Amino acid sequence: MILKLLLIIAVIYVVYFLFFKQKPLTTQQKNTKNTKTSDMVECATCGVYSEIDDSILSNGKYYCSQECLENAK
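Residues numbered from 1 in each chain as written. Predicted model: local features only at pLDDT ≥ 70, side-chain atom pairs only at ≥ 80, totals over all residues. Heavy atoms only, no water.

1. Quick word on unusual backbone geometry
Now for step 1: Within the chain, Asn 59 stands out as a residue other than glycine whose phi angle is a positive 55°.
Now for step 2: The topology assignment puts Asn 59 in the loop between strand E3 (56–58) and strand E4 (61–63).
Now for step 3: Under the relative-accessibility criterion, Asn 59 is labelled exposed at 79%. (Helix = DSSP H or I, 4+ residues; strand = E, 2+ residues; numbered from the N terminus. Buried < 20%, exposed > 50% of the residue type's maximum accessible area, 1.4 Å probe, protein only.)

This is the structure we're talking about:
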């Protein structure tokens, strides 16, 4: 009788942890949930798309790198 009860409790415990318990978020998952996606812009020189936060703005045009900015001059 007690063995059956312990077995049932063990099965319920396993099912709970496999299907219902939420796992804690990793650092990367926390960062992706909190960050907002930024817009993509096209480089005026090479045509590569990069995030607007990572791009260089010069004379009203966006450049993906310092090298592309220097090639445009």
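2. As for helix H1 (residues 2–20)
Now for step 1: Here H1 is 19 residues long and its end C-alpha atoms lie 26 Å apart, about the 27 Å a rise of 1.5 Å per residue gives.
Now for step 2: In terms of burial, H1 is a largely surface element, zero of the 19 residues being buried. (Expected span 1.5 Å × (residues − 1).)

3. Focus: the side chain of Ser 50
Now for step 1: Relative to the elements of secondary structure, Ser 50 occurs in strand E2 (residues 49–51).
Now for step 2: For Ser 50, a relative accessible area of 15% corresponds to the buried category.
Now for step 3: Excluding anything up to four places from it in sequence, Ser 50 contacts Asp 39, Met 40, Val 41, Ser 55 and Cys 64. (Contact = heavy atoms within 4.5 Å.)

4. Structural notes on the side chain of Ser 58
Now for step 1: Checked against the element boundaries, Ser 58 lands in strand E3.
Now for step 2: By relative accessible area, which is 19% here, Ser 58 ends up buried.
Now for step 3: If we skip the residues at most four places from it in the chain, Ser 58 touches Tyr 63 and Leu 69.

5. Section: a nonpolar patch on the surface
Now for step 1: Side chains of Leu 7, Val 11, Tyr 13, Val 14, Val 15, Tyr 16, Phe 17, Leu 18, Phe 19 and Phe 20 sit close together on the surface and give an oily, nonpolar patch of about 1,100 Å² of accessible area.
Now for step 2: By the element assignment, Val 14 lies in helix H1.
Now for step 3: For Val 14, a relative accessible area of 44% corresponds to the partly exposed category. (Patch = residues over 30% accessible without salt bridge, like charges linked within 9 Å, V, L, I, M, F, W, Y side chains within 5 Å. Areas by Shrake-Rupley, 256 points an atom, 1.4 Å probe, with all protein chains shown as cover. Salt bridge = Lys/Arg side-chain N within 4 Å of Asp/Glu carboxyl O.)

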